[in-house]
Amino acid sequence: MRKMEFAEAIESALKHAMTNDPDIFLMGEDVHTLRINLLAQFGKERVISTSISESAFLGAGVTAAMAGLRPIIEIMLIDFIGVAIDALLNHASKILTFSGGKWNVPLVVRTSCGGGYGDGGQHEQSLWGWLAHIPGLHVVVPSNPSDAGQLLLSAIESDHPVIYLEHKLLADYWLDYMGTGGRENVSFDVPEKGAIGEVPEKWESLPIGKANILREGDDITLISLGVSVHRCLEAANILSEDEISVEVLDLRWVSPLDKEAIITSVSKTKRVIVVDEDYMRFGLSGEIAAILAEENISPIQFGRVCTEHTIPFNRHLEDNVLPNVNRILALARKFKS
Amino acid sequence: MTLMREKTILELYEAMYTSRYLEKIVTQLWEKGNIYGEMHLGIGEEAIIAGVLSHLIPGDAISTDHRSTPPFVMRGVDIESLLLEFLGHPKGLCSGLGGHMHLFCKELLLTSSGIVGSSGPSAVGFALATKYQKTKNIAVAFFGEGSMNQGMLLESLNLASSLNLPVLFICKDNNWAITTRSNEVTGGVLLDRVRGFGIEAREVDGSDCMAVWQAVETAIPRLRKRNPAPYFIQASCTHNEGHFLGDPLLRFHRSPKKELGAVTGPLTKSVLHYKGGRLDKRISSVSNVLALIAKARAQLSFSNDPIRRLEKTQTHLKDQFAQIKLKVEKKINSISERVLNLVQEEASL
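Procedures and definitions
- Residues numbered from 1 in each chain as written.
- Chains lettered and ligands numbered in written order.
- Predicted model: local features only at pLDDT ≥ 70, side-chain atom pairs only at ≥ 80, totals over all residues.
- Heavy atoms only, no water.
- Axes fitted to C-alpha atoms, helices over the stretch in contact; angles between N-to-C directions.
- Helix = DSSP H or I, 4+ residues; strand = E, 2+ residues; numbered from the N terminus.
- Parallel < 35°, antiparallel > 145°, perpendicular 65-115°, else oblique.
- Left-handed = near helix turned anticlockwise from the far one by under 90°.
- Contact = heavy atoms within 4.5 Å.
- Core = buried A, V, L, I, M, F, W, Y, C linked by side-chain atoms within 4.5 Å.
- Buried < 20%, exposed > 50% of the residue type's maximum accessible area, 1.4 Å probe, protein only.
- Domains from an automatic or database assignment.
- Buried area = accessible area lost by both parts, 1.4 Å probe.
- Salt bridge = Lys/Arg side-chain N within 4 Å of Asp/Glu carboxyl O.
- Phe/Tyr/Trp six-rings, centres within 6.5 Å; stacked < 30°, edge-to-face > 60°.
- Nonpolar A, V, L, I, M, F, W, Y, C, P; charged D, E, K, R; others polar.
- Polar contact = N/O pair within 3.5 Å; in protein donor to acceptor, adjacent residues only side chain to side chain.

**Regarding the packing of helix 1 (residues 6–31) of chain B against helix 2 (residues 46–53) of chain B**
Each pair of packed helices can be summarised by the angle the axes make with each other and by the distance between the axes. Residue and element names in this part refer to chain B. As a packed pair, helix 1 and helix 2 sit with axes 9 Å apart at the nearest point and diverge in direction by 135 degrees. Of the possible angle classes, the one that applies to helix 1 and helix 2 is oblique. The way helix 1 lies across helix 2 gives a crossing that is right-handed. Counted together, Leu12, Ala15, Met16, Ser19 and Arg20 of helix 1 and Glu46, Ala47, Ala50 and Gly51 of helix 2 form the full contact between these two elements.

**Notes on the nonpolar core**
Judged by nonpolar contacts, the single largest core of 105 residues is most densely connected at Leu58, Leu88, Leu107, Trp128, Leu251, Ile262 and Ile288 of chain A. With eight residues, helix 1 (residues 6–20) of chain A is the single largest residue contributor to this core. The residues contacting tryptophan 128 of chain A, other than those within four sequence positions of it, are Cys113, Val139, Val141, Leu165, Leu225, Val254, Asp276, Glu277, Asp278 and Leu284 of chain A. Counting 68 residues, the second largest nonpolar core, distinct from the first, contains Met4, Leu22, Leu29 and Val140 of chain B.

**Focus on the domain arrangement of chain B**
All names here are of chain B. Assigned domains within chain B: domain 1 (6–240 + 302–348) and domain 2 (248–299). Domain 1 puts eight residues into the contact, and the matching count from domain 2 is nine residues. A combined buried area of about 700 Å² lies between domain 1 and domain 2, and 56% of that area is made up of carbon and sulfur atoms. Summed over the three residues of domain 1 that lose the most area to domain 2, namely Trp176, Thr179 and Asn240, the buried surface amounts to 63% of that side. Across the domain 1-domain 2 interface, the total number found is one salt bridge. In this structure, the salt-bridge partner of glutamate 184 is lysine 295, at a minimum N-O distance of 3.6 Å.

**Focus on the packing of aromatic side chains**
Tallying each qualifying case throughout the model produces nine aromatic pairs over all chains. Arranged with centres 5.8 Å apart and planes meeting at 80 degrees, the rings of tryptophan 174 of chain A and tyrosine 177 of chain A form a pair that is edge-to-face. One end of the pair is tryptophan 174 of chain A and the other is tyrosine 177 of chain A, both in helix 9 (residues 172–180) and three residues apart, which spans about a single turn. The residues tryptophan 174 of chain A and tyrosine 177 of chain A share a single accessibility class, namely buried. Pairing tyrosine 13 of chain B with tyrosine 17 of chain B gives two aromatic rings, centres 6.2 Å apart and planes at 0 degrees, and the pair type is stacked.

**Quick word on the interface of chain B and chain A**
On the side of chain A, 49 residues touch chain B, which itself brings 52 residues to the contact. Across the interface of chain B and chain A, roughly 4000 Å² is buried in total on both sides, 57% from carbon and sulfur atoms. Summed over the shared surface of chain B and chain A, the number is three salt bridges. One salt bridge in this structure joins arginine 251 of chain B and aspartate 176 of chain A, with 3.1 Å as the shortest N-O distance. Those elements that provide at least two residues to the side of chain B that touches chain A are helix 1, helix 4 (79–86), helix 9 (248–254), helix 10 (256–272) and helix 11 (279–296) of chain B. At seven residues, helix 11 of chain B tops the list of elements feeding residues into the side of chain B that touches chain A. Grouping the constituent residues of the side of chain B that touches chain A by class yields 22 nonpolar, 21 polar and nine charged.

**Points about the domain arrangement of chain A**
Residue and element names in this part refer to chain A. Domain boundaries assigned for chain A yield domain 1 (2–199) and domain 2 (212–336). Listed per partner, the contact involves 34 residues of domain 1 and 24 residues of domain 2. For the pair domain 1 and domain 2, the two sides together bury roughly 2300 Å², of which 57% comes from carbon and sulfur. On the surface where domain 1 and domain 2 come into contact, there are two salt bridges. One salt bridge in this structure joins arginine 231 and aspartate 189, with 3.4 Å as the shortest N-O distance. Counting across the interface, domain 1 meets domain 2 through 20 residue pairs in polar contact (both at pLDDT 80 or more). Mapped onto the side of domain 1 that touches domain 2, the elements with two or more residues apiece are helix 7 (128–132), strand 6 (138–140), helix 8 (145–157), strand 7 (162–167) and helix 10 (192–195). For the side of domain 1 that touches domain 2, the per-class residue count stands at 16 nonpolar, 14 polar and four charged.

In structure tokens:
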């Protein structure tokens, strides 16, 4: 096994994919600097810099995919999808159905997400539940370098549109760009195991829609994804000292959601907390509650630690609005008392 | 051309210097790590903001982009409340919830946004309200040339033109969209594009506050008349700090060893990787980026600095300028000391 940083793993897997498939190209704002190593290896025909015109280049990505290419469209921050949502909402997601199942859209949207570094409510959202709400879109959120590389390959190999979200606390270059700006006197709560870790010698894809049990336990299931799985693991360690045995499930995919893994784990523990950095209402956590209700797994205790409000600029308030270890601990202890 | 009164020139100077000095303090706070996240400054575009705001009257609305400090300060927002906001303090302008990219002041009809191009629709809505309410007020949209390729801004130009709305569109053109040269990703000529919407448009040297003032002086009657029409000004400028504090391209110039050292290893590997594009194409792609980094250096130059420029051209006002500087520095220093003391006291509690 070799060790890599999160962003390094994405780049390494992407190089692997682009080397093997000449139809893969990147397009987006500032990619000549953000992806300079890919530009150096594959040239500007395959690493295409654009103007700030998300609605146009994402829309163009949809039809480039329909024409047989494998576009990876970069939306710098998922917050900026707002100006281009039509391409996903009304086109990428629907064309397979509209064409009677005859025309698919093998598009990857690569974008950064998440908060915890003081950038305020227009730059730190997660929005994966909001996107997964649309039938026809797949949404994947890796939590560590190995998954980051492998899941990117899964996204690229998929014949359908996949939104691939990289968390800014895990990707060192994003944190440097948006958080520290080269300063050495500011620091953020970066989960080490998410930022750096072992990766396979040879990149291979992971199955689409399969969750990953990161820790086995009997008393409580913590269901999470992205940076929050590391908050869950930290909470699970602390709870184990109180003899509370915690299972941590990393969903990896918001859509398709691994129902089976959720049901299996919760059937065992009968207590579940969804820890989701995305907004609480009408999202992933509610969807999981609905699945458990539909499966009649009862009685169970259900709770959620999510983002309930617009993310405030103030760092202290921000840390409390986003899921954190203390919020998980408080709820878990309430369940067991 | 209207002859500018000395008083107006001094007012412009004071507005520009107040904004500049405050942003220097902000830079220090950011460098010390007191301010989290990104920090986009308006240093270098003060002449544009001052030249426009000098013509505004109470009730006019301003929609800014992510460089909102200069317009907020020059429109009279309390400096202490701004500094506290940048620090995320509950006593800040927006209770510490917005931060520098999301400043709002309801009383003065000032908005800002971190979404590129969004000041277009924002100003159109304010202008629609003034027309609806039959006031003489106008709305100003400030945005960079990079947003001129964003759909919502182009749609706003059409909406303002077709509905005859009093919107003053101010394009602050530094030819950089983060690390992209705007002219390399823009088709045609911006002014032609704007005129295509039926909007009167002109160019001005945005480092010359008197030229900006004159240009807006010409535009204002068209905006405030009974049947108004939008107006567009493209004003050139230079951002000494690049896109934001800690700009990655400028860092190459400020600490080349550290920054280039980190990049060259992976870059060389990529260029020489045994698989990939044709070697000549790879090398040309990389040399384009290196040329880009080299070009970024020009931003560090103060040769187009609006404040220095006014000092150079109006040497007869030297003494008054010096007095203004002293007054502004004294005022802002005392505010920033007060703010820092407050923050430090609270931290020690």
